[in-house]
There are 2 protein chains.
Amino acid sequence: MKNLKGALMFAQSGGPTSVINASAAGVFIEGLKSSAITAVYGAANGIKGVLDENFYDIGKEDKKELNLLKYTPSSALGSVRYKLKDASVDDTDYKRILEVFKKYNVRYFFYNGGNDSMDTCNKISKYLATSGYDCNVIGVPKTIDNDLYGTDHCPGFASAARYIATTVMEINLDAKVYDTPMVCVIECMGRHAGWLTAASKLASVGGLGPDLIYLPEVDFDVDKFVEDVKAVCAKNGNKCIAVVSEGIKNKEGTFICELVSQGARDSFGHAQLGGVAATLANLIKEKTGYKTRGIELSLMQRCGAHLASKVDVEETFKAGRAAVKAAVNGETDKMVCYKRKDGDKYAIEYELLPLELAANTEKTVPLEWITENNTNISDEFIKYALPLIQGEAKAPLENSLPRFAKLKKVFVEKK
Amino acid sequence: MKNLKGALMFAQSGGPTSVINASAAGVFIEGLKSSAITAVYGAANGIKGVLDENFYDIGKEDKKELNLLKYTPSSALGSVRYKLKDASVDDTDYKRILEVFKKYNVRYFFYNGGNDSMDTCNKISKYLATSGYDCNVIGVPKTIDNDLYGTDHCPGFASAARYIATTVMEINLDAKVYDTPMVCVIECMGRHAGWLTAASKLASVGGLGPDLIYLPEVDFDVDKFVEDVKAVCAKNGNKCIAVVSEGIKNKEGTFICELVSQGARDSFGHAQLGGVAATLANLIKEKTGYKTRGIELSLMQRCGAHLASKVDVEETFKAGRAAVKAAVNGETDKMVCYKRKDGDKYAIEYELLPLELAANTEKTVPLEWITENNTNISDEFIKYALPLIQGEAKAPLENSLPRFAKLKKVFVEKK
């Protein structure tokens, strides 16, 4: 536990979320207050900004804009997907990071991201420790996929869940207006973990849940799917709303969406990268003659900040602050995580988890929460997820459109 | 002008909108207050409910739920797509409607819909007048497409426009997070009129507008599109957001989305009904090697009531009330429409337009508002549309999810 004096470096990595910048706001606002921190830097495009010596001087930003970051979706500093090699194989990047940190006296490093980003953060943390350079390194979790190990839930998941639940309710009303058959297949993100797809179940709290839900945690059988839809239609006035994960696979382990891209060509002769929703909707149309519609919630589910959950925004903001406080108190090589308190009233406390435990471990939906022959989600999930989507927290409106943060993004002069 | 005493029949038709039920609420609440109206009926699934004698007794509904209709998307009574034959060719349906109206003493008939629905309404109006049966018939406009003739704008358009503008802003932030090339193609509804696609331009008011916009009002050239995207990428860090209408056609008059469905087959051997966004995104990927994403705003743009415009909700509610007031005052054979008042401050007044003028005439985006070699929209459009998307009006929240109206839907006993 070392109490250090020096600059703070923060970077965002991986796919953005509606609330990822709330963590940035937390880190920046807490960092600018701390007497141990001599400068606050935000790396442009994740670790690449460190390697390229491209980072912004956060001290030059308006406080008002930093606060608006809480309600501004998508990585404000820019993101990156960049996997560091093992230092034992090639330590070029690590040496460069150390060089940059020394040059700017960076003593606090915060990396904000999901599984892969925590792997990066862990590797950097270990390398710096081995090199003898004093720098406290803390991972700040982020992923709509909700699949990070060791935390009750992940910053960003709840806002995406609230978007999905609200949207499924609305689609449910829309898709059933005619007295003719209609099957609607909705696709949610999550290639390996079905948390977001499961979140569609929350729409049932408002009485407008899906009829069928398919998670990637269990094998997907195309023929069974057709039978499931037919069974729902038979008892439901020939209407069915099914929600599927983009990551559903057949028992041979092939993604349903990969099956598509192998076969399909559009009129220009190009491979047709259809989503799984469109594929399954077409399949049902073929098998039943019913009108069908495939809907991909696409980027909207992860950037729909106008439907962010207040619980998520506030927890995520505080996660950023907690990370800085912990580092200033001498903690290092940890990831901030949420522990749900016991008791009926929902509350969390912040804990620290060794980074190596957080890196590269995926937490999937418990199989016992997947019910009704793998077509539904249990009430246990609702009990888990409903407290997370509570409250509204969104950008103020200008002209009835969101007023998102506008950062100056003044680059720190290269030394 | 006849002042009649009898029952009111209201029906919803065509594709739903976020605010279509606000008109229903207006008609119902005003109808239940009127001493000239002896009963208020809501037809199940449009004119089909009249033909089948399936209609709900609105007097049996809770007032609170009727009020919640203002914020509940999608046709609460059910909708229909049913084109009446010309009475001169086959008057079976008309005779049946007259029979039902006589049986239940229906003296006020309101049909809520777009172009096709106003055609239906017009035909019924003319038939009833010819038959000598006294019934005041008023059309209540509704269409996200905004393409009805004779009205400044259409109920439902502004809420869809606000959804599109907000969502394009959010996607714009999300799609540009990496420092690698990214082209995103977003598809809006509107097969013949580009109003909704043009609405994406409103995102520029928040500083996050699209780079390219393509309306169905002008021919779409695939090769030019590729060049347009490349030009934007060249000056824009290899990033481009393009918004296209589902209805864009090449100069031979073929829908781009039809080009797709002719060619593509998925792995099940079925025709792949890809959207135009996915097709164009794949095309750009092929031509540039860039990462691309096609996003279809699908049903969400017309059912996303959580982003409804207050101006739209209130105007639409009042349009329903205005229809009833006019009919009770003896007006018939008209459609309610909006006239924008002169002056800097936005305001409208309600007018009545002869139904035959409203039926089957499409109003498209003025060609002079389409600029920059058919890739952008002028400020004139913003001046026109921005006042319409102002204010928030949405359902109250329960568990932080929308609490939509729950109607009892008590069928009127068949006589």
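Since the structure is predicted, the reported quantities are computational estimates derived from the model, not experimental observations.

In terms of regular secondary structure, chain A is built from 14 helices and 15 strands. Taking 22 Å as the expected radius of gyration for a compact globule of 415 residues, we find that chain A reaches 23 Å, a close match to that expectation. Along the first, second and third principal axes, the C-alpha atoms of chain A reach 70 × 45 × 45 Å. Across the 415 residues that make up chain A, the buried fraction comes to 59%. Taking contacts inside chain A between residues at least 6 apart in sequence as the whole, the part at least 24 apart equals 77%.

All names here are of chain B. Along its 14 residues, helix α1 (residues 20-33) runs 21 Å from first to last C-alpha, staying within 8% of the 20 Å computed at 1.5 Å per residue. Every buried residue of α1 is listed here: Ile 20, Asn 21, Ala 22, Ser 23, Ala 24, Ala 25, Gly 26, Val 27, Phe 28, Ile 29, Glu 30 and Gly 31. Tucked into the core, α1 has its buried residues touching β1 (6-12), β2 (37-43), α3 (63-68), β4 (106-113), β5 (136-141) and α12 (310-328).

So, about unusual backbone geometry. Phi is positive for Ser 400 of chain A, which is not a glycine, with a value near 65°. Considering the arrangement of structural elements, one finds Ser 400 of chain A in the loop between β14 (397-398) and β15 (401-402). The backbone of Asn 45 of chain B shows a phi angle near 55°, a positive value even though the residue is not glycine.

Mapping between the two copies of the chain is achieved by a rotation about an axis and a shift along the axis. The operation relating chain A to chain B is a screw motion whose rotation component is 180°, with 0.0 Å of axial translation and a residual RMSD of 0.0 Å. Here the transformation between the copies is reduced to the relation of a two-fold axis. Here 100% of the contact residues of chain A are again contact residues in chain B; the copies associate through an equivalent surface.

Moving on to the pairing of strand β10 (residues 334-340) of chain B. All names here are of chain B. Counting buried positions along β10 yields 5 of 7 residues, so the element is predominantly enclosed. Bridge analysis of β5 against β10 gives 2 bridges, and the strand direction is parallel. The residue bridging Ile 138 from the neighbouring strand is Lys 334, located in β10. Two strands pair when backbone bridges link them, and β10 and strand β11 (residues 348-354) are joined in this way by 7 bridges, in the antiparallel orientation. Residue pairing in the sheet places Arg 340 in a bridge with Ile 348 of β11.

Now for the environment of Asn 373 of chain B. Its place among the elements puts Asn 373 of chain B in the loop between β12 (370-371) and β13 (376-377). Taking the C-alpha atoms as reference, Asn 373 of chain B lies 9.6 Å from Asp 228 of chain B; in sequence the two are 145 residues apart.

What follows covers the interface of chain A and chain B. The interface of chain A with chain B comprises 63 residues on the first partner and 64 residues on the second. Those elements that provide at least two residues to the side of chain A that touches chain B are α6 (157-175), α9 (256-263), α10 (276-288), β9 (291-296), α11 (300-303) and β15 of chain A. Broken down by element, the residue count for the side of chain A that touches chain B peaks at 10 residues, all from α6 of chain A.

Let's shift gears to the sheet that holds strand β7 (residues 212-214) of chain B. Residue and element names in this part refer to chain B. Read across the sheet, 4 strands follow the order β7-β8-β6-β9 without closing on themselves; strand pairing throughout is parallel. The open sheet has two free edges, formed respectively by β7 and β9 (291-296), since each of these has just one partner strand. Neighbour to neighbour, the strand axes of the sheet diverge by 15° on average, direction disregarded. The sheet contact formed by β7 and strand β8 (residues 239-245) spans 3 bridges and is parallel. Bridging from a neighbouring strand, Tyr 214 pairs with Val 244 of β8.

All names here are of chain B. Taken N-terminus to C-terminus, the directions of helix α8 (residues 222-235) and helix α10 (residues 276-288) make an angle of 65°; their axes are 11 Å apart at the nearest point. What the angle tells us is that α8 and α10 run roughly perpendicular. Relative to α10, α8 is oriented so that their crossing is right-handed. Contact residues: Val 222, Phe 225, Val 226, Val 229 and Lys 230 in α8; Leu 280, Leu 283, Ile 284, Lys 287 and Thr 288 in α10. Taken together, the residues that form the contact of α8 with α10 break down as 7 nonpolar, 1 polar and 2 charged.

So, about the domain arrangement of chain A. Residues and elements named next belong to chain A. Domain annotation of chain A identifies domain 1 (6-143 + 305-360 + 391-402) and domain 2 (157-303). Computed over C-alpha atoms only, the centres of domain 1 and domain 2 are separated by 34 Å. On the domain 2 side, the residues contacting the 13 residues of domain 1 number 8 residues. In terms of residue class, the side of domain 1 that touches domain 2 is made up of 7 nonpolar, 5 polar and 1 charged.

It is worth spelling out the environment of Ala 199 of chain A at this point. Residue and element names in this part refer to chain A. By the secondary structure assignment, Ala 199 is in helix α7 (residues 195-199). With 140 residues separating them in the primary sequence, Ala 199 and Lys 339 have C-alpha atoms 20 Å apart. The contact partners of Ala 199, leaving out residues within four places of it in the chain, are Ala 161, Ile 164, Ala 165 and Ala 385.

Attention now goes to the sheet that holds strand β10 (residues 334-340) of chain A. Residues and elements named next belong to chain A. Across the sheet, 7 strands lie side by side as β3-β2-β1-β4-β5-β10-β11; this open sheet has mixed pairing. For this open sheet the edge positions go to β3 (55-57) and β11 (348-354), each flanked by a neighbour on one side alone. Pairwise comparison of adjacent strand axes, ignoring direction, gives a mean angle of 30° for this sheet. By the bridge criterion, 5 bridges tie strand β1 (residues 6-12) to strand β2 (residues 37-43) in an arrangement that is parallel. From the neighbouring strand, Met 9 faces β2, where its bridge partner is Tyr 41.

A few words now on α8 of chain B. All names here are of chain B. Spanning 14 residues, α8 covers 21 Å between terminal C-alpha atoms, matching the ideal 20 Å at 1.5 Å per step. Buried residues along α8 sit against β6 (182-188), β7, β8 and α10. Directly beyond the C-terminal end of α8, a positive phi value near 65° is found at Gly 237.

So, about the environment of Glu 372 of chain A. Position of Glu 372 of chain A relative to the elements: it lies in the loop between β12 (370-371) and β13 (376-377). Judged by C-beta crowding, with 11 C-beta atoms within 10 Å, Glu 372 of chain A ranks as exposed.

A few words on the confidence of the model for chain A. Residue and element names in this part refer to chain A. Taken as a whole, chain A shows an average pLDDT of 94; of its residues, 96% reach a score of 70 or greater. Contacts from residues 261-267, a stretch scored under 50 in pLDDT, to residues over four places away or in other chains number 31 contacts. The low-confidence segment residues 269-273, where pLDDT is below 50, has 17 contacts with residues more than four positions distant or belonging to other chains. Both scores are available for the predicted complex, with the pTM at 0.97 and the ipTM at 0.96.

Conventions we followed
- Residues numbered from 1 in each chain as written.
- Chains lettered and ligands numbered in written order.
- Predicted model: local features only at pLDDT ≥ 70, side-chain atom pairs only at ≥ 80, totals over all residues.
- Helix = DSSP H or I, 4+ residues; strand = E, 2+ residues; numbered from the N terminus.
- Rg over C-alpha atoms; globule rule 2.2 N^0.38 Å.
- Buried ≥ 20, exposed ≤ 12 C-beta atoms within 10 Å, placed from the backbone.
- Contact = placed C-beta atoms within 7 Å.
- Expected span 1.5 Å × (residues − 1).
- Least-squares fit on C-alpha atoms with pLDDT ≥ 70 in both.
- Pairing = 2+ DSSP bridges.
- Axes fitted to C-alpha atoms, helices over the stretch in contact; angles between N-to-C directions.
- Parallel < 35°, antiparallel > 145°, perpendicular 65-115°, else oblique.
- Left-handed = near helix turned anticlockwise from the far one by under 90°.
- Nonpolar A, V, L, I, M, F, W, Y, C, P; charged D, E, K, R; others polar.
- Domains from an automatic or database assignment.
- pLDDT = per-residue confidence, 0-100.

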